[in-house]
Amino acid sequence: MTPGDRSVRRLASSAVAYAFCASLLTACASHGSPPATVPGSAATPRYPVTRTVDVVDDYHGTPVADPYRWLEELGSAEVLAWAAAQNAVTSTLLAGDSLRDILLQRMEELARPWDELEPARPAAPTGRLRLAYAPSETGSARVVTVSSEAGGSRVLVNPREFGAAMEVARFDVSPDDRHVAYALSDAGSEWWQGRVRRVADGRDLPEVLEGMLWAAPVWTHDGAGFFYVRYGRPAPGAVTMFHSPAVMYHRAGTAQSDDRVIYRTPVGTTTLSLGVQLTPDGRYALVREGEGAHVEAIGWLDNRRWLLDLREPQQPDLSGPLVPLTPDRASAYELVGQRDSLFYLLTDHDAPRRRLVAVNPRNPDVAQWREVIPQHVDVLTDIRQMSGRWVATYMRDVQHHVRIFDLDGKPLLDLGVPPLSSVLELRAGPADSLIDLVTMSFLRPPSVTRHDLTTGRAHVIQSPALPFDTAAYEARQVWYAGKDGTRIPMFLMHRRGIALDGSHPTLLFTYGASAQVLSPAYGEQAIAWMELGGIVAAPGLRGGGEFGREWYEAAILERKQTTFDDAIAAAEWLIAQRYTTPARLAIRGASNGGLLVSAVIAQRPDLFAAAVAEVPGVDVLRFDYGRHRTQFGWAGDPAQFPFLLSYAPLQRIRAGTCYPATFISTALNDDRAPAWNALKLTAALQTAQGCARPVLLRVRDTGGHSGGEESWMEREVEILAFVARQLGLR
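What you see is a predicted model, and the numbers here were worked out from it, not measured in a lab.

Visitor: In this structure, what is going on with the overall build of the protein? I would like to understand it.
Guide: Counting its secondary structure elements, the protein contains 13 helices and 38 strands. Seen along its three principal axes, the alpha-carbon backbone of the protein occupies a region of about 75 × 60 × 55 Å. The 730 residues of the protein split such that 60% are buried. The contacts of the protein with a sequence gap of at least 6 include a subset with a gap of at least 24, amounting to 60%. Accessible area of the protein: about 26,800 Å², with a carbon and sulfur share of 50%. Here the protein contributes 73 positively and 82 negatively charged side chains, and the mean placements of these two sets differ by 2 Å.

Here is the structure:
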C-alpha cells in the first residue's frame, strides 16, 4: 500500500509541481551571507554572481567545457549560499502576486471530490484487519490506522514519532495479521528506512532496515519474514542513484546483518533494478532483474524472471536454486496470475502491444508457452484475475476500455468506459459477479461504477459532486503531424466555444519518456488554469507508451531527438491553428519532462514565452542514468556520446539568445535527479539570457524528487502564477 493514491490529482505523472522550502534560507544562514548580486534593469532580476571554473572534459577526443562544475558540490557552503540567494531572487520577484491566493483557494475547492471519494476506497484488507492512511489530528502527517471486523480503529503508526519530517512511504501487513512492515521516508527522500511493528501492542521489533529504495516488502505466507530489495547508497557527489542491488530475505525480529541473500548483482552494478513477487499460492518467489523504464503494470521494460521454489508456503525453504523462468532481458514480463500449476505472464515478447501467456514453471521454454489472450490492435495495459475471470484494461488512442475474458481467454463482454477517460482502479465487488470500476476524465473527478458481469448491467455507486460547471468547458483529442509525418495525439482542454484568434494563454504539458502515458486525469490545476481563460494541451509524444513498445522505442537512444521534435511540432500546430501565439505559449515538464523542456527551449526558444523545468536530469553528459541507459545512453560509450552531445541542453545554450521566461525547481535531497542538474541549468540560462525575461530557480532542501504531498498545492500555485504573469494573465 503506497501513499500515491492522490497523486492522480495531477494532470499527469510528469506534471508534478515543486516549490520552495523556506527553511533552506535558515539552513544557509550559518554558511555566511549570500553572495553579491549583479546590477540589472528594472525588468531584469538581480541574479547572484555565478563564478565559472576552467574545467574541460575529454569525451573520446572531444573537449567539452563544464564551467559550472563547482555547483555539483551540493554540501558546500558556497553552493548552499548561492542556492539561498537564488531563492531570495525568486521570492522577491513573485512576492505580492494576488493570483497565488486566488488559485490556492480555488484549487482547494476543486480538490473536494477527492475527499469524498477516498473514504470509500478499500483500505487494504488482510484477513481480519484493515489498514489505511488517515490524516493525523494536527493534519501535519498521514498516519496508518488499523481496524478490525469488530469495529473501531486506532492509530498504529504515526511517522512523527521518528521526527518532524518523517512520512510513512508504504506499509504491508503479514498474512497472519500479527505484524506490519512499514517504510519511513525522511523529508521526501526515496531512501526508505524499514521497520516492523506488532499490531497487538503497537511496538516496533528491534531491527531497522537500511538501503531500501522503493522496496516493497513481500511477506511469505507463514508471516515469519519477507523479501525485499537492498541497494547500496552512492557516496556524496556520485552521478548515479544507486548501485549493487540485492534481493534479501528478512526474518522479523532479527538484525539486518542476518538477512539471507537470495539474488545479488555484481558489486558496483548501476544499470539493473531488482524486484520480487510471490505467487498467489505462496509456493514460488519470482525475482525480477530489469533495466529500462517502468510502464503501467508490466514492470521494467526489459527484464527477466528467476524462480525460487519455496516448496511449502507455511514452512518456506529458502535454500533452493534460482532457475530462469524467462529467457532474456530483451522483453518485459509480469506475473499476473496462477492457475492449475501454470503461471500467467503479461508480456511484450513477440507482441509489442502485449499478450497473456501461460507458462509451466517446470518447462518454461518459450516454445512451450500457451497463448491465452493474443495481442490486440489496442495496447493491453493491465490484466488481472478477478471474480473467476480475466479483467483486461486496454488503451485505444490513449483512452481506456475494459474487456472481460473467461480463464481460457474466451471474450465475454466489454465494460463501458466513458469517452476521454482513464481507468484509475479495478476493485472486486461484494459478489463474484460484480466488479467496481473507478474512472475519471479531465472534466470529471473519479467516480465508481458497479458492473454485473452476469447481466451486463452497470450503475454508478459513487459520484462526487462537481465543484465547477463542466458544461462551460470541453476536452477533446486532436491529431497533428510530427516532423516525419507521424500522426501524434494531443488532448486539449479549454472553455467551450473559444475563438481561434491566437489570443489564448496555453500551457503545454510534456513528458515523452519511460513509456509513461499522459492519459486523461482530473487535476485541480488544469481546471483552475482553464477558469483563468487558459488552454491545457497534453500531447502523447514518442518515447511514451501510448501505442506500446514501438512508440517508446521510436524515441530512445540515438532517436531521442524524436521526442523533442514531437513537442516542437505540437507547439507549432497550436500556433498554426491559431489557438495561441509564441507570446502566449508555455511549456512544462518534470523529471524526464524537465530534460525535454530544457532541450526544446535550447533548440527553439522562439516558440515559447515561458517554460517550467521541474527536477530535471538535464546534464546528459555528466548525469549517469544508470538503469535508464537503455533509454538514454551513456556518454562514457564512444558510440553513444555523439547523439547525447547533439541535444545536450547545457552545451546548446548560446549567449545573447532570448530564452523564454523560465522557472526551474529542484530539491537538495533529490535522489533521482541530483539538484546540481537544475543549478547548472539555471546558471547557464541566466548567464546567456539575451532579453529581460527572468530565469528563476526554486531550491527546496527537502521533498525529494516527488516533492512530498503535504504542500504540493502551494508549490503548484507558485508555478501557475509565474506562468500566468509571463503569458499576460492577471
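On we go from here.
Visitor: Help me understand the side chain of Gln603 in this model?
Guide: Mapped onto the elements, Gln603 comes out in helix 8 (residues 592-603). Using a relative accessible area of 17% as the deciding quantity, one classes Gln603 as buried.

Visitor: Teacher, can you tell me more about the environment of Asp176 here?
Guide: Its place among the elements puts Asp176 in the loop between strand 7 (166-173) and strand 8 (179-186). Between the C-alpha atoms of Asp176 and Ala187, which are 11 residues apart in sequence, the distance is 32 Å. Within the local environment of Asp176, its side chain forms a polar contact with the side chain of Ser174, the two groups lying 2.6 Å apart. Looking at Asp176, its side chain comes within polar contact range of the main-chain nitrogen of Arg178, at 3.1 Å.

Visitor: Sorry, what's going on with helix 7 (residues 561-576) here?
Guide: Because each turn of an α-helix spans 3.6 residues, side chains separated by three or four positions in sequence point in the same direction. Over its 16 residues, helix 7 runs 22 Å from end to end, which matches the ideal 22 Å to within 8%, given 1.5 Å per residue. With 12 of its 16 residues buried, helix 7 lies for the most part within the structure. Among all positions of helix 7, only Thr562, Thr563, Phe564, Asp565, Asp566, Ala567, Ile568, Ala569, Ala570, Ala571, Trp573 and Leu574 are buried.

Visitor: Whenever I open this one, the layout of surface pockets confuses me. Can you help?
Guide: The gaps left among the atoms become clear once a water-sized probe is rolled over them. Here the second largest pocket defines a volume of roughly 610 Å³. Within the residue set of the lining of the second largest pocket, elements represented by two or more residues are strand 8, strand 9 (191-198) and strand 10 (209-213). Among the residues forming the lining of the second largest pocket, the class breakdown is 14 nonpolar, eight polar and seven charged.

Visitor: Explain the packing of aromatic side chains to me, please; I cannot follow it from the model alone.
Guide: Two measures describe an aromatic ring pair: the distance that separates the ring centres and the angle between the ring planes. By the definition in use, this model includes 24 aromatic pairs. Summarising the aromatic geometry, the rings of Tyr284 and Phe343 are spaced 5.2 Å apart at their centres and angled 80 degrees between planes, so their arrangement reads as edge-to-face. Taken as a pair, Tyr284 in strand 16 (residues 284-294) and Phe343 in strand 20 (residues 342-347) lie far apart in primary sequence, 59 residues in all. Taken individually, Tyr284 and Phe343 each receive the classification buried, so the pair is uniform in this respect. Between Tyr625 and Phe632, the aromatic rings sit 4.3 Å apart at their centres with planes inclined by 20 degrees, giving stacked as the arrangement. This pair shows no difference in class: Tyr625 is buried, exactly as Phe632 is. Through successive ring pairs, a cluster of aromatic residues spans Trp114, Phe468, Tyr473 and Tyr522. Sitting over the face of the ring of Trp551, Arg542 holds its NZ or CZ atom 5.9 Å from the ring centroid.

Visitor: In this structure, what is going on with the sheet that holds strand 24 (residues 389-396)? I would like to understand it.
Guide: Sheet strands pair by backbone hydrogen bonding; their relative direction is either parallel or antiparallel. Strand order in the open sheet made by the four strands is 23-24-25-26, with antiparallel pairing throughout. For this open sheet the edge positions go to strand 23 (379-386) and strand 26 (411-415), each flanked by a neighbour on one side alone. Strand after strand, the sheet turns through a mean of 25 degrees between neighbouring axes, direction not considered.

Visitor: Teacher, can you tell me more about the sheet that holds strand 21 (residues 355-359) here?
Guide: An order of 19-20-21-22 is seen for the four strands of this open sheet, with the pairing classed as antiparallel. Since the sheet does not close on itself, it has two edges, and those belong to strand 19 (333-339) and strand 22 (370-373), each with one partner. On average, each strand axis in the sheet is tilted by 35 degrees relative to the strand beside it, whichever way the strands run. Relative to strand 22, strand 21 runs antiparallel, the two being bridged by three bridges. Looking at strand 22, one finds that Val357 is bridged to Glu371.

Visitor: Would you mind going over the pairing of strand 28 (residues 434-441) with me for this structure?
Guide: The two faces of the sheet receive side chains in turn, since in a regular strand these alternate between them. The element strand 28 is extensively covered by neighbouring structure, given that eight of its eight residues are classed as buried. Of the pairings in the sheet, the one linking strand 27 (residues 421-428) to strand 28 comprises seven bridges and is antiparallel in character. Looking across to strand 28, one finds that Ala428 is bridged to Ile435. Of the strand pairs in this sheet, strand 28 and strand 29 (residues 447-452) are connected by six bridges, and their pairing is antiparallel.

Visitor: Any chance you could explain the packing of helix 3 (residues 98-110) against helix 5 (residues 524-531) here in plain terms?
Guide: For any two helices packed against each other, the geometry comes down to the angle between their axes and how far apart the axes lie. Taken N-terminus to C-terminus, the directions of helix 3 and helix 5 make an angle of 125 degrees; their axes are 9 Å apart at the nearest point. Judged by the inter-axis angle, helix 3 sits oblique to helix 5. The element helix 3 and its partner helix 5 pack so that their crossing is right-handed. Listed contacts from helix 5 to Leu103, Arg106, Met107 and Leu110 of helix 3 are Glu524, Gln525, Ile527, Ala528 and Glu531. Grouping the constituent residues of the contact of helix 3 with helix 5 by class yields five nonpolar, one polar and three charged.

Visitor: Help me understand helix 2 (residues 77-94), please; the structure alone is not making it clear to me.
Guide: If you check helix 2, its first and last C-alpha atoms are 26 Å apart, about what 18 residues at 1.5 Å a residue would give, namely 26 Å. Residues of helix 2 that are buried include every one of Val79, Leu80, Ala81, Trp82, Ala83, Ala84, Ala85, Gln86, Asn87, Val89, Thr90 and Leu94, and no others. Positioned one or two residues after helix 2, Gly96 has a phi angle of 75 degrees, which is positive.

Procedures and definitions
Residues numbered from 1 in each chain as written. Predicted model: local features only at pLDDT ≥ 70, side-chain atom pairs only at ≥ 80, totals over all residues. Heavy atoms only, no water. Helix = DSSP H or I, 4+ residues; strand = E, 2+ residues; numbered from the N terminus. Buried < 20%, exposed > 50% of the residue type's maximum accessible area, 1.4 Å probe, protein only. Contact = heavy atoms within 4.5 Å. Areas by Shrake-Rupley, 256 points an atom, 1.4 Å probe, with all protein chains shown as cover. Lys, Arg positive; Asp, Glu negative; His and termini not counted. Charge placed at Lys NZ, Arg CZ, Asp CG, Glu CD. Polar contact = N/O pair within 3.5 Å; in protein donor to acceptor, adjacent residues only side chain to side chain. Expected span 1.5 Å × (residues − 1). 1 Å grid on protein atoms, 1.4 Å probe; cavity = no way out; pocket = protein on both sides within 12 Å on 5 of 7 lines; lining within 4 Å. Points joined across faces, edges and corners; volume = space filled by probe spheres on them. Nonpolar A, V, L, I, M, F, W, Y, C, P; charged D, E, K, R; others polar. Phe/Tyr/Trp six-rings, centres within 6.5 Å; stacked < 30°, edge-to-face > 60°. Lys NZ or Arg CZ within 6 Å of the ring centre and 35° of its normal. Pairing = 2+ DSSP bridges. Axes fitted to C-alpha atoms, helices over the stretch in contact; angles between N-to-C directions. Parallel < 35°, antiparallel > 145°, perpendicular 65-115°, else oblique. Left-handed = near helix turned anticlockwise from the far one by under 90°.

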